[in-house]
Structure formats: structure tokens, C-alpha cells
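# Fold and geometry: a report
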Amino acid sequence: MTTDPLWKGRIAGPPDPEFFAFQRSLPYDARLLPHDLEVNAAWAKALGRAGLLAPDEVTRLVAALATIGQELSPAAAAQRGEEDVHTLVEAELTARTGDLGRRIHRGKSRNDQVATDVRLWTAAAARGLEADARGLARALVAQAAAWLDAGHVMAGFTHLQQAEPILAAHWALSHCEPLRRDGRRFAQVEEATLAACPLGAAALSGTPAAVDRAALAKELGFARPAANSMDAVSDRDFALGFLHAAGLALVHASRLAEDLMLFTTREFGFARLPDAFTTGSSALPQKRNADACELARAKAARVLGRYTALAATLRALPTGYNKDLQEDKEALFDAFDSARGVLHALTGAVAGLTWNGARSRAALGGWILAAELAERLAATGLPFRDAYAAVAQAVQALEAGGGAAGGAAGPERRFEDVTPAEWKALGPAFTDEVTRGLTLEAALARRAAVGGTAPARVREAIAEAREALS
Ligand code: ARG
């Protein structure tokens, strides 16, 4: 292991080995290698344009950087002994070009370099997660289309108690919408991350090299150079933006996972996870465990913690680079890996999910049309509060299983099975006109305002989502 750091300027003797290992970042920031090579190449060219390197020197440096990229993988780089990816690249460059390699650090600092590397990495990561979020959204839309055609219905829940009937497709789309917002949020994070290029801020006061920072920014894919050199090396807003977007996408994924876990229990039995995204138990031979979903929950918590840790770190920093900032990378990498893993697993779980429509329909409680019945009463001119009370009374009577309900034993007489005579005994408001055609299908069709579960609206929503996600 190299313990001869580039910064030994006025530091006497080698560092304590354990401390050196503690403060170095190469084991994880080796992941930035492609970006660090890109940034160095852009810097060499900028120095060339400024007349600070000869054209053939620029050519040799750029070629050597490309060779390093071909010969050294990030994984191999992580095994090396240097302090961080920047010192590794400088060492490699010097090994390949001799003295020339020792000239490239002119006018730049690891501070503006790392800020630039990390922005480039974050932009690419945001782009990747945008695609992943859209992929999961697409899997949900595909299932929604199939379930709509199959006529699958289910109970919609509030407080995890059955509330009103919905189409299973409507449930799927309810998870598609947040993921579409996540996709847009990741795209915004990418744009914000590439809005300002830190390179040329140097250590903090701005580069003394007469480089064209605007051209440099453009070459690296940024909109413009960062406006203030001190802010440029201190700013990690983009990292927090990424962690927020990743954390929120995982909050959404975790909620989807929670539904999937419930729906795939024996007790619900609405759906079955595909084998490829199910785990078993080494002790209990019959088990089918939803580990993908459980990990989605835990990874969400973990990434929310990453956001909190970085925000707490940033709030305490004096202006300018501080070593605390080195910790941004593990947060970002971990959030990305977590989000990618979860989105992949859930996309597979959703794409291969089999819905048991008979089961989800049979699970509808007898009074699931209570709100629909109240609505029908209100449509006759009865104030909704009176309609509500009349239906509540009917439910109570049916639950008691006596009197007007005809003495039926068992907890739930389905509204649809109550005869016209029984309805009249349940209350004068329950005329034939009100109770005739009180069916699940009619209730669904009535929810026909934009955003509702009516099959016609859901069909439109599927078409809209398909188009947007294609
Ligand atoms: N490895 C460091 C980081 O990740 C690079 C910047 C070091 N700068 C310094 N002044 N020590 O933040």
C-alpha cells in the first residue's frame, strides 16, 4: 500500500497506517474512475487551449487517460494503495507519461475535481434511476391492462378496512402514478446536477490558469460554469436532491411492496408472486416468502437515513472544502445501489404477478356497496347525512341478522342478495327505485369522473400512461 501521499508538503514522516486507511477513499471512490479520467482529459484540453500545455502534450495526456480507462477497471482500481481516485489517476498518468503527468494538476485541485466527478456520476445515476422507475411503472401499466380486460375487481381499503370496490387495474395505476413522478424527479435531479460545473474553481478561490470555463463546462456536458468558486467546491445540493429523489422513490416502492406482501398472503390470496422473485425457507418447506418486498421496505428506511446523514453533515460545515464532504460518495453510491436493486426486484415481481380475480372478488364484504347505496338515496333528494344514517341502520340490522334481514345467520348478507321486501322492512327510503340494480358493476361505472375507477376512465388512464411511458 502506498503511504506516500501527494499532500506531504509540510507534513513530516509517513502517516499512521491505520489513520491513513481510515481517511482514504479509494476503496469506494474508485467507482468515479471513468469520470475522473473524463475530467482530467477535459482539463488537459483546457490547459492546451489556454496555451499552458503544448498541443502534442495534450494529445499524449488524453491518449494516456484513455489507455488507463481501458487497462484499469474501477474494481481493480479499488484494490490499489493510493489515497483516492484522483491521486491514483495522477500516479498512473505519471507512470505512463513521465514528467508530463506531473504537470496536469496545474490550476486545479482535488476539491473542484471531486465535485465535478461526483456531479457527473450523479447525473448518470439519476438518468439510470429515471429509467428504472419508468420500467416499474410500465410493468404496472401492463398488468393494469390485463386485469382490466379480465374484469378483476377487489376491495379498496382505507385504514386497511374494506371501503369501496375498485378495479384491480385501478390499484395498479395508483402505484404507477407516484413512480411516474419519481421518473420526472430524477430527470430534474439530472438537470440540476449538470447546471453548474465546479471545475476551474480550483481549491476555493478560482483557478489562476487562464482557461475558458464556459468551454470546459460545455465539454463536460454542463450548462455553464459554477458562478462562485467557493460555492462550487462546497455545494452538495445536487447530492441531497438525488438522495431525496431516491428516498422518495423507495418510499413509493416500499408502499407498493407492502400491498404486495398483504395481497400475496394466504389470508388475502389476491395474487401470487413469480417464483423468480420469491424466496423459500430452509426450515419450512412450504414457504413462499416475499423477500423482495421486505427488502424494499428496509432499503427505503436505509436511504432515508443516507439523506439525513448527509444533510446533517452539510449543515455544520464552514464554507470551503472540508473532508466531511468525502462522505457524500458512500451515501450516493449506497442510495443508487439500493434503489436500483429494489426497482429491479419489484419490476420483476410485478411483471410476473398472477392475479386471482375469483379470490379478490369473493373477498368483497357484503356491505362493500354501502357508500353506493347512500349515494343512490341522496340521488332521490334525501340529504346525504340522512342517507348515510339510513344505510348505517340497515347495515346494523343485517349484521344483527334478525328482524328485517329475515333472520339470516352469519355476519354478512350481501346487499345484492337482499330482496325488495326486505329492503322495505329495513327502511322506507329503500324503495325499489333505489335498490334495483344495486350492483358492483353499477357502482364501479358511477365512479366516472376523471381519476375514478370506472372501467372507461381506467381504460383511458392506461392509454395515457402507456403513451407517456413509451
Ligand atoms: N477524496 C477526497 C473527497 O472525496 C478528494 C478531495 C480531497 N481534498 C482535500 N483537500 N483533501 O472529498
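Not measured: the values here are computed from a predicted model.

## So, the overall build of the chain
When you go through the chain residue by residue, the secondary structure sums to 20 helices and six strands. Against the 2.2 N^0.38 benchmark of 23 Å for 470 residues, the chain shows a C-alpha radius of gyration of 31 Å, more extended than a compact globule. Along the first, second and third principal axes, the C-alpha atoms of the chain reach 100 × 50 × 40 Å. A total of 470 residues make up the chain; the buried ones form 49% of that total. As displayed, the chain has an accessible area near 21600 Å², and 54% of this comes from carbon and sulfur atoms.

## Describing the nonpolar core
Formed by 134 residues in total, the largest nonpolar core has its most connected members in W171, F242, L346, W355, F415, W423 and F430. Sorting elements by how many residues they give to this core places helix α7 (residues 110-150) first, with 17 residues. Those residues in contact with W423 that sit more than four places away from it in its chain are L373, A394, F415, V418, F430, T435 and L438.

## Some thoughts on unusual backbone geometry
Its identity as a non-glycine residue notwithstanding, H159 has a phi of 55°, on the positive side. A positive phi is found at A202, a non-glycine position, where the angle reads about 55°. You can see A202 is positioned in the loop between β3 (196-197) and α9 (213-219). Assessed through its relative accessible area of 7%, A202 is described here as buried.

## Describing helix α20 (residues 455-469)
The end-to-end C-alpha distance of α20 is 21 Å, a good match for the 21 Å that 15 residues give at a rise of 1.5 Å each. Elements that come into contact with the buried residues of α20 comprise α7, β2 (161-167) and α8 (168-193).

## With respect to the packing of aromatic side chains
Within the structure shown, the criterion is met by 17 aromatic pairs. Ring geometry for W147 and W171: centres 6.2 Å apart, planes at 25°, overall stacked. Separated by 24 residues along the polypeptide, W147 in helix α7 and W171 in helix α8 bring together distant segments of the chain. For the pair W147 and W171, one class covers both residues: buried. With centroids separated by 6.3 Å and ring planes inclined at 50°, the aromatic side chains of F186 and F242 adopt a geometry described as tilted.

## Notes on the site of the ligand
If you check the shell around the ligand, you find S25, D29, D84, H86, R110, N111, V114, Y321, Q326 and K329 and nothing else. Y321 is positioned with one of its side-chain polar atoms (N or O) 2.5 Å from an oxygen atom of the ligand. Protein chains bury 86% of the 340 Å² of accessible surface belonging to the ligand in isolation. At three residues, the largest contribution of residues to the shell around the ligand is made by α7. Per-class residue counts for the shell around the ligand are two nonpolar, four polar and four charged. Residue assignment places the shell around the ligand across two domains, with domain 1 (17-102) and domain 2 (110-213 + 224-362) each supplying three or more.

## Focus: the state of the cysteines
Under the counting rule described, the total for this entry stands at zero disulfides. Looking at C176, it has no disulfide partner, and the nearest cysteine sulfur is the one in C293, 17 Å off. Judged by its relative accessible area of 1%, C176 falls in the buried class. The class for C293 is buried, based on a relative accessible area of 1%.

## Describing the domain arrangement of the chain
By domain assignment, the chain separates into domain 1 (17-102), domain 2 (110-213 + 224-362) and domain 3 (370-469). Each of domain 1 and domain 2 has a C-alpha centre, and the two are 32 Å apart. Between domain 1 and domain 2, the contact holds 22 residues from the first and 21 residues from the second. Taken together, the two surfaces of domain 1 and domain 2 that pack against each other cover about 1900 Å², and 63% of this comes from carbon and sulfur. The tally of links from domain 1 across to domain 2 stands at four salt bridges.

## Let's talk about the pattern of salt bridges
Under the definition given, this model contains 34 salt bridges. Close ionic contact of E164 with R447 constitutes a salt bridge, the shortest N to O distance being 3.0 Å. Here E164 is found in strand β2, whereas its partner R447 is found in the loop between α19 (440-446) and α20, with 283 residues between them in sequence. The exposure class assigned to E164 is partly exposed, which follows from its relative accessible area of 33%. When its relative accessible area of 23% is taken as the criterion, R447 is described as partly exposed. For D182, the salt bridge is made with R185, and the minimal N-O distance between the two is 2.9 Å. In this pair, D182 and R185 both sit in helix α8, three residues apart, roughly one turn of the helix. Judged by its relative accessible area of 0%, D182 is buried. When salt bridges that share partners are traced, they join E71, R80, E82, E92 and R96 into one network.

## A word on the packing of helix α3 (residues 33-49) against helix α6 (residues 85-97)
Helix-helix packing is characterised by the crossing angle of the two axes and by the distance between the axes. It is at 10 Å that the axes of α3 and α6 come closest, and there the two elements cross at 60°. The angle between the axes of α3 and α6 places the two elements in the oblique class. Handedness of the crossing formed by α3 with α6: right-handed. Here L33, D36, L37 and N40 of α3 come into contact with α6, specifically with V85, H86 and V89. The class makeup of the residues in the contact of α3 with α6 is four nonpolar, two polar and one charged.

## Thoughts on the pairing of β2
Judged from the six bridges that link them, strand β1 (residues 153-158) and β2 form a sheet pairing that is antiparallel. The partner of M154 across the bridge, within β2, is I166. The hairpin turn running from β1 into β2, its antiparallel successor, is two residues long, and H159 in that turn takes a positive phi close to 55°.

## Comments concerning the confidence of the model for the chain
With 97% of its residues at a pLDDT of 70 or more, the chain has an overall mean of 95. Confidence over residues 403-409 falls short of pLDDT 50; this stretch has 12 contacts with residues more than four positions distant or in other chains.

Rules behind the numbers
- Residues numbered from 1 in each chain as written.
- Predicted model: local features only at pLDDT ≥ 70, side-chain atom pairs only at ≥ 80, totals over all residues.
- Heavy atoms only, no water.
- Helix = DSSP H or I, 4+ residues; strand = E, 2+ residues; numbered from the N terminus.
- Rg over C-alpha atoms; globule rule 2.2 N^0.38 Å.
- Buried < 20%, exposed > 50% of the residue type's maximum accessible area, 1.4 Å probe, protein only.
- Areas by Shrake-Rupley, 256 points an atom, 1.4 Å probe, with all protein chains shown as cover.
- Core = buried A, V, L, I, M, F, W, Y, C linked by side-chain atoms within 4.5 Å.
- Contact = heavy atoms within 4.5 Å.
- Expected span 1.5 Å × (residues − 1).
- Phe/Tyr/Trp six-rings, centres within 6.5 Å; stacked < 30°, edge-to-face > 60°.
- Near = heavy atom within 4 Å.
- Polar contact = N/O pair within 3.5 Å; in protein donor to acceptor, adjacent residues only side chain to side chain.
- Nonpolar A, V, L, I, M, F, W, Y, C, P; charged D, E, K, R; others polar.
- Domains from an automatic or database assignment.
- Disulfide = S-S within 2.5 Å.
- Buried area = accessible area lost by both parts, 1.4 Å probe.
- Salt bridge = Lys/Arg side-chain N within 4 Å of Asp/Glu carboxyl O.
- Axes fitted to C-alpha atoms, helices over the stretch in contact; angles between N-to-C directions.
- Parallel < 35°, antiparallel > 145°, perpendicular 65-115°, else oblique.
- Left-handed = near helix turned anticlockwise from the far one by under 90°.
- Pairing = 2+ DSSP bridges.
- pLDDT = per-residue confidence, 0-100.

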